[in-house]
Amino acid sequence: RTLKLWDLTSGDCLRTLEGHGGEVTTVAISADGRYGLSGSADRTLKLWDLTSGDCLRTLEGHSAAVRSAGLSADQKLIVSGGDDQTLKLWNLNGDCLRTLNAHAAAVQTVLITPDSRFIISGSADQSVKLWSLNGDCLWTLNTSAPVRSLAFSSDSRYLLSAGDDPALTLWLLDWDLVDTLPAAWDEGARPYLDAFLTLHQPRTSTPDASGAAVGSSVANWTDSDLQRLLRTLQQAGYGWLQPEGVRQQLLRMAQAATVKPALPTTDSTVFATAFVTEFTTAFGGPGTRVILSFTSGSLKGQEFIFRERTTCILGRAKDCQIQLPNDEQHNTVSRYHCALEIEPPAVRIRDLGSLHGTYLNGQLIGKRSPNPNGQAATEFPTHELTSGDEIRLGKAAMRLSIEIRPAEATWVDETALNH
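Residues numbered from 1 in each chain as written. Predicted model: local features only at pLDDT ≥ 70, side-chain atom pairs only at ≥ 80, totals over all residues. Heavy atoms only, no water.

When helices and strands are counted, the chain shows four helices and 30 strands. Considering only contacts within the chain whose residues lie at least 6 apart along the sequence, 46% involve residues at least 24 apart. (Helix = DSSP H or I, 4+ residues; strand = E, 2+ residues; numbered from the N terminus. Contact = heavy atoms within 4.5 Å.)

Shown next as structure tokens:
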């Protein structure tokens, strides 16, 4: 009657989830690893927060034991099947959207297709059925024995079924395909990027043995990770999205999730002039600040101050945290040029595939260059920064300062003292 959450690296049981009144018959984990789903002989499903171990909601509606359940890849839908011979489609608020009736015996396995558009079910009535999300049964595959388990290939072209007979059956699925013109982005793919960013936010969603979340809040990924995301999007029906468009959208979403500019204030303990901008996030720590001062270019004389952990993207795009002018003096600065990963007092810099490169103390640390296969490289190393380092993007140069003071010290508005 319990669920257990395990650390696959150490083999430790992180927590035990209790709440069902009968045998737990099926479990699933959301694509971003944040939620768990369970079904039980007590005729209910439960949605769990895997970080806290809390039961978020209980789904009631089946009149007999639940045998199978799953979450859609876009994390919007839940499907379940059970001994009452029905499937039920739910939203994550716990609302039953519709009940699907067509099987003549217990529904023993259910899946939502990787593109979150269809449902597959297998039953003790020796059939496999494909359903639309509207509840229509589109086609039926007949088998020689009760069906116990189903699995899709990664590209959804094949379906594997297993049952009470000693054989596995491999089905070739003939989908009606739609030819879509290439595009940089489509909002329908956002849930897949949300899940990707959550999974690559190091250990934030992973509890330790005491239940506390540990690790950095700054999402980070490699070229291999990005390629896996692109394959996932292809399998979900978004293969027409352009890789560079997906990468840029990832950067925008990562920035929006981690950087929150402070509101203007008249408090004399912080800078609030036209030439000094201060950034804060929801994390604590007043004893250290990181200052980025422009020493050349159109922004010469401006300072950007960071007190807390954040990611800051520099470039000419409007959604960059530090936007450089889109003028002739900065025409060698890319739209998304480089990123600063700030965890005071630690600061790291990473080029984001800029055309003309990022320079640290006069040395090129990264720029766009083709791989042997002709594709642009998308993995760039990070470099540790120290106080006094100079960063140069085209004709714009910045000097980094790291100032550490006791946590109880007060930062004085130096600009006010000069007037």
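Okay, back to it.
Residue placement: Thr 288 occurs in strand β20 (residues 288–296). Apart from the residues within four sequence positions on either side, Thr 288 is in contact with Phe 306, Arg 307, Pro 344, Pro 345, Ile 402, Glu 403 and Ile 404.

According to the stated counting rule, one finds four aromatic pairs in the structure shown. For the ring pair Tyr 238 and Trp 240, a centre distance of 5.9 Å and an interplane angle of 45 degrees mean the geometry is tilted. For the pair formed by Tyr 238 and Trp 240, the shared burial category is buried. A ring pair is formed by Phe 294 and Phe 304, whose centres lie 5.9 Å apart and whose planes are at 70 degrees; its orientation type is edge-to-face. Highlighted residues: Phe 294 in strand β20 and Phe 304 in strand β21 (residues 303–306), separated in sequence by ten residues. A relative accessible area of 7% places Phe 304 in the buried class. Each member of the aromatic cluster is reached from another via a ring pair, and the members are Tyr 192, Tyr 238 and Trp 240. (Phe/Tyr/Trp six-rings, centres within 6.5 Å; stacked < 30°, edge-to-face > 60°. Buried < 20%, exposed > 50% of the residue type's maximum accessible area, 1.4 Å probe, protein only.)

A word on unusual backbone geometry. When glycine is set aside, most residues are seen to have a negative phi, and most peptide bonds are trans. The linkage connecting Pro 344 with the following residue, Pro 345, adopts the cis geometry, with an omega of 5 degrees. With respect to the helices and strands, Pro 345 occurs in the loop between β24 (338–343) and β25 (346–351). Although it is not a glycine, Gln 126 adopts a positive phi angle of roughly 65 degrees. The topology assignment puts Gln 126 in the loop between β12 (118–123) and β13 (127–132). By relative accessible area, Gln 126 is classed as partly exposed at 32%.

Reading across from one edge, β23-β22-β24-β25-β28 is the order of the five strands in this open sheet, with mixed pairing throughout. Unpaired on one side and paired on the other, β23 (322–323) and β28 (382–385) mark the two borders of the sheet. (Pairing = 2+ DSSP bridges.)

What follows is about the state of the cysteines. Structurally, a disulfide amounts to a covalent bond that connects the sulfur atoms of two cysteines. For the structure on display, the rule yields zero disulfides. Here Cys 338 is not disulfide-linked; the sulfur of Cys 312 is the nearest cysteine sulfur, at 8.2 Å. (Disulfide = S-S within 2.5 Å.)

Once that is clear, we can look at the pattern of salt bridges. Inspection of every chain in the model, using the stated rule, returns twelve salt bridges. Linking Glu 187 and Arg 190 is a salt bridge whose minimum nitrogen-to-oxygen distance equals 2.7 Å. Among the residues examined, Glu 187 registers a relative accessible area of 46% and is labelled partly exposed. Owing to a relative accessible area of 29%, Arg 190 belongs among the partly exposed residues under this scheme. With a closest N to O distance of 3.5 Å, Glu 341 and Arg 348 form a salt bridge. (Salt bridge = Lys/Arg side-chain N within 4 Å of Asp/Glu carboxyl O.)

One finds Leu 193, Trp 221, Leu 229, Leu 233, Tyr 238, Leu 241 and Leu 250 to be the most contacted residues of the largest nonpolar core, which totals 26 residues. Elements represented by at least two residues in this core include exactly α1 (190–199), α2 (223–238) and α3 (243–258). Top element by residues in this core is α2. It accounts for six residues. With near-sequence residues (within four places) excluded, Leu 233 lies in contact with Ala 189, Tyr 192, Leu 193, Tyr 238, Gly 239, Leu 241 and Val 246. The next biggest cluster of nonpolar side chains, apart from the first, holds 25 residues, and it includes Phe 294, Phe 304, Leu 385 and Ile 402. (Core = buried A, V, L, I, M, F, W, Y, C linked by side-chain atoms within 4.5 Å.)

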